[in-house]
Amino acid sequence: MSTKTTISVIKADIGSIAGHHRVHPDTILAASRVLAEAKRNGIIKSFYVTNAGDDLQLIMTHHRGVDDSEVHGVAWNAFKEATRVAKELGLYAAGQDLLSDAFSGNVRGMGPGVAEMEIVERPSEPIVVFMADKTEPGAFNLPLFRIFADPFNTAGLVIDPRLHNGFSFEILDVYEGKAVELNAPDEMYDILALIGTPGRYVIRRVYRRPDREIAAVVSIERLSLIAGRYVGKDDPVMIVRAQSGFPAVGEILEPFSFPHLVAGWMRGSHHGPLMPVGLRDSKVSRFDGPPRVIALGFQVKNGELIGPADLFDDPAFDETRRVAQMIADYLRRHGPFMPHRLGPEEMEYTTLPDVMKRLAQRFVQAEMGYKPIVRRSEELSGGHD
Ligand SMILES: [Mg+2]
């Protein structure tokens, strides 16, 4: 036990109603029962269960640190219990994200997405928990850069001496399992050279310079890379600390006023705008999308979650949502063409290669009048073929 507080957000798609639309309330209830029991037993201090589209979201606080086997065990049992209900109800893709049957102390690498941070609570500790559906962890690259490195987004970087020294970004190469830490503002251009390839380079954590207080953490689980095939999209979660030495809540939400293009949407195979929505709209319909994100604000006090505040449930984001619809319309008219459909590196994990294989034998040598010189950068293409 520690005097520090840990915030654990663990999510999984364990089945949903009407295809990939949304989590069924009975599965939320089943998971809540398991968490309530864990609270009574003193394993966790408080919890909030919700859904981002078809993903069941467990938000928990406790004093056991990150990667704690008891807390992860609670989450695993909650997902198992919810899966049992999902199977009873015949929900679609019941148990989809639980890639293994044998729990061995940690849910990481078993399918669920995990974002955890251990902190010394400030007297007032506001946090924002972001949960996205129909996209991937790299979807948070752009907003994270803008929150912690872009003075045109975050006024505090310029005018608040506590933010003025900048932030460090831990960036993960999810194909190689390697990480690099780069500092903003001095290494901004290097950061962008990597994170502009969000399928491969994912911002995992952000620290405040120079005291290395943790500012943000993202789930980096990519299901297709764990399973080696397309299972479901790797719908990510993220925890960000706000105010008093960190960006204000408004500065943290601001990048989401631009519905930037992310990978995911239908069959995890298309680009679409990331649309910020309130909880009541945390469900997908059009072409199983468009991809969307919810943001819940909490205060953390003495290890307890106070809240939530449904931060995107605000007319201030209506115009963003309208622009997202226009982008969705425009992209949909491309049908099966790139860049609406994802590029070949990402399609590698879908069922498209099976179709391509069937065509391979139909190809014959053709005279083009030149011999093509093909270049490939391992660092950009993922290097997996
Ligand atoms: Mg999902």
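It should be noted that the structure appears before, not after, this text.
Scoring rules and cut-offs
- Residues numbered from 1 in each chain as written.
- Predicted model: local features only at pLDDT ≥ 70, side-chain atom pairs only at ≥ 80, totals over all residues.
- Core = buried A, V, L, I, M, F, W, Y, C linked by C-beta atoms within 7 Å.
- Buried ≥ 20, exposed ≤ 12 C-beta atoms within 10 Å, placed from the backbone.
- Helix = DSSP H or I, 4+ residues; strand = E, 2+ residues; numbered from the N terminus.
- Contact = placed C-beta atoms within 7 Å.
- Axes fitted to C-alpha atoms, helices over the stretch in contact; angles between N-to-C directions.
- Parallel < 35°, antiparallel > 145°, perpendicular 65-115°, else oblique.
- Left-handed = near helix turned anticlockwise from the far one by under 90°.
- Pairing = 2+ DSSP bridges.

### Thoughts on the nonpolar core
Counting residues in hydrophobic clusters, the biggest one holds 93 residues, and the most contacted among them are Leu35, Leu58, Val129, Met238 and Ile239. Top contributing element to this core by residue count: helix α2 (residues 69-88), with eight residues. With residues near it in sequence (within four places) discarded, isoleucine 239 still touches Ile7, Val9, Ala115, Met117, Ile127, Val129, Ala216 and Val217.

### Section: unusual backbone geometry
Between glycine 289 and proline 290 the backbone carries a cis peptide bond, its omega angle lying at -10 degrees. Geometrically, the link from methionine 338 to proline 339 is a cis peptide bond, its omega value of 5 degrees lying close to zero. With respect to the element layout, proline 339 can be found in the loop between α8 (318-332) and α9 (344-347). In this model, glutamine 243 sits at a positive phi of 65 degrees, which is unusual for a non-glycine residue. For glutamine 243, the location among the structural elements is in the loop between β10 (237-241) and α7 (249-253). With phi around 40 degrees, serine 244 is a residue other than glycine that occupies positive phi space.

### Quick word on the packing of helix α3 (residues 141-149) against helix α5 (residues 188-195)
For any two helices packed against each other, the geometry comes down to the angle between their axes and how far apart the axes lie. Relative to each other, α3 and α5 sit at 170 degrees, their axes nearing to 11 Å. In terms of orientation, α3 and α5 fall into the roughly antiparallel class. For α3 against α5, the interelement crossing comes out right-handed. Contacts from Asn141, Phe145 and Ala149 in α3 reach Met188, Ile191 and Ile195 in α5.

### What about the sheet that holds strand β2 (residues 46-52)?
If you walk across this open sheet you meet the four strands as β2-β3-β1-β4, and the pairing is antiparallel. Each edge of the sheet is formed by a strand with only one pairing partner; in this case those strands are β2 and β4 (113-119). Strand after strand, the sheet turns through a mean of 10 degrees between neighbouring axes, direction not considered. Sheet analysis places strand β1 (residues 5-12) next to β4, joined by seven bridges and oriented antiparallel. Bridging across to β4, serine 8 finds its partner in glutamate 116. Against the sheet, α2 touches β1 and β3 (55-62), its axis set at about 150 degrees to β3.

### Some remarks on the pairing of β10
Summarising burial for β10: five of the five residues are buried, a large majority. Burial of β10 is two-sided: the residues Val237, Ile239 and Arg241 facing one way and the residues Met238 and Val240 facing the other way are all buried. With five bridges joining them, strand β5 (residues 126-133) and β10 adopt antiparallel strand pairing. Residue valine 128 lies in a different strand from β10, and its bridge partner there is valine 240. The pairing of strand β9 (residues 213-218) with β10 spans three bridges and is antiparallel. The residue bridging valine 217 from the neighbouring strand is isoleucine 239, located in β10.

### Things to note about the environment of glycine 289
Structurally, glycine 289 is set in the loop between β13 (275-276) and β14 (292-301). By the C-beta count within 10 Å, which is 25 here, glycine 289 ends up buried. With 205 residues separating them along the chain, glycine 289 and arginine 84 place their C-alpha atoms 26 Å apart. In this structure, glycine 289 is in contact with Lys134, Trp265, Met266, Gly272 and Val284, ignoring residues within four places of it in sequence.

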